[in-house]
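Each chain is listed here by its residues.
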Amino acid sequence: MKKIALLLVLISTLVGCTLDNENKDTYSYSILPIDSYTLPATFKLGETYAIKLKYQRPTACYLFEGIYYNKNLNTRTIAIQAAVKDNQACTTELPPLSEASFNFQVTATGSYIFKFYKGKDAENKDLYEEVVVQVTP
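Within each chain, residue numbers correspond to sequence positions counted from 1 in written order. Residue-level local features of this predicted model are given only where pLDDT is at least 70; pairs of side-chain atoms are given and counted only at 80 or more, and the full residue set underlies all totals for whole chains, interfaces and linings. Think of the side-chain values as coming from all heavy atoms in the structure, minus any hydrogens and water.

Caption draft 1: Spatial organisation of the sheet that holds strand S7 (residues 98-105). Only strands joined by at least two bridges in the DSSP assignment are considered to pair. The way it works is that DSSP assigns letters per residue, a run of H or I at least four long becomes a helix, a run of E at least two long becomes a strand, and they are numbered from the N terminus. Sheet architecture is open: three strands sit in the order S2-S4-S7, paired in antiparallel fashion. Of all strands in the sheet, those bounded by a partner on one side alone are strand S2 (36-38) and S7. This sheet shows a mean twist of 20 degrees between the axes of neighbouring strands, independent of strand direction. Across eight bridges, the pairing between strand S4 (residues 48-55) and S7 is antiparallel. Bridge assignment links Ile-51 to a residue of S7, and that residue is Phe-102. For helices, the axis comes from a line fit to the C-alpha atoms of the stretch in contact; other axes are also lines fit to C-alpha atoms, and the angle between any two N-to-C directions lies between 0 and 180 degrees.

As structure tokens, this is what we get:
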């Protein structure tokens, strides 16, 4: 009797789970360039700074997904990650500039190099604006 009850529970569980993909939103992902940023002129060792970014979404279908942040020694590469709703009609009207920020903790002496993603050139190569910020003791 226990085996039959277990079999019925298993069957009802499998029947109750359906994969309904027709009503699911699908997304693709994109990296957006940084339009402008706010950095201090110098950093102080051990302090934390809010780095503010402004960026342009190409349409309202682009949704903020996060900040792309890559760390390699003293170099930080930064861009905006966006999710784009697939199969959605979007207007060509540009939305207003969007803002994002992140906290940066200074943990090393010397200097930091920030590479802000600026888009692609005519040959489809990534463009960056580099800023060097010195660390004071």
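Caption draft 2: Region of the structure containing the nonpolar core. The biggest cluster of nonpolar side chains holds 23 residues, and the ones touching the most others in it are Leu-39, Phe-43, Leu-53, Phe-104, Phe-114 and Phe-116. For this core, the secondary-structure elements that each account for two or more residues are S4, strand S6 (75-85), S7, strand S8 (111-120) and strand S9 (126-136). Once residues lying within four places of it in the same chain are set aside, the contact partners of Leu-53 are Ile-34, Ser-36, Tyr-37, Ile-67, Ile-78, Ile-80, Ser-98, Glu-99, Ala-100, Phe-102 and Phe-116. We define a nonpolar core as any set of buried Ala, Val, Leu, Ile, Met, Phe, Trp, Tyr and Cys residues linked to one another through side-chain atoms lying within 4.5 Å. The buried label goes to any residue with under 20% of its type's maximum accessible area, the exposed label to any with over 50%, and the partly exposed label to all in between, with areas taken from a 1.4 Å probe on protein chains only. Two residues form a contact once any of their heavy atoms are found within 4.5 Å.

Caption draft 3: Molecular detail of the side chain of Ser-98. On the secondary structure map, Ser-98 appears in strand S7. Setting aside residues no more than four positions away along its own chain, Ser-98 makes contact with Leu-53, Lys-54, Tyr-55 and Arg-57.

Caption draft 4: Fine view of the packing of aromatic side chains. Note on aromatic contacts: the rings of Phe and Tyr and the six-membered ring of Trp form a pair at centre separations within 6.5 Å, being stacked when their planes are under 30 degrees apart, edge-to-face when over 60 apart, and tilted otherwise. In the structure shown here, the tally under the stated rule is 11 aromatic pairs. An angle of 40 degrees between the planes, with centres 4.9 Å apart, marks the rings of Phe-43 and Tyr-49 as tilted. For Phe-43, a relative accessible area of 1% puts it in the buried group. Taking 6.1 Å as the distance between ring centres and 75 degrees as the angle between the ring planes, the aromatic pair formed by Phe-43 and Tyr-112 counts as edge-to-face. Taken together, the residues Phe-43 in strand S3 (residues 42-44) and Tyr-112 in strand S8 connect sequence positions 69 residues apart. Each member of the pair, Phe-43 together with Tyr-112, is buried. Clustering of aromatic rings is evident, with ring pairs tying together Tyr-37, Phe-43, Tyr-49, Phe-104, Tyr-112, Phe-114 and Phe-116. Any Lys NZ or Arg CZ that is within 6 Å of a ring centre and within 35 degrees of that ring's normal is treated as a charge sitting over the ring. Across the ring face of Tyr-128, the terminal group of Lys-115 is positioned such that the distance to the ring centre comes to 4.9 Å.

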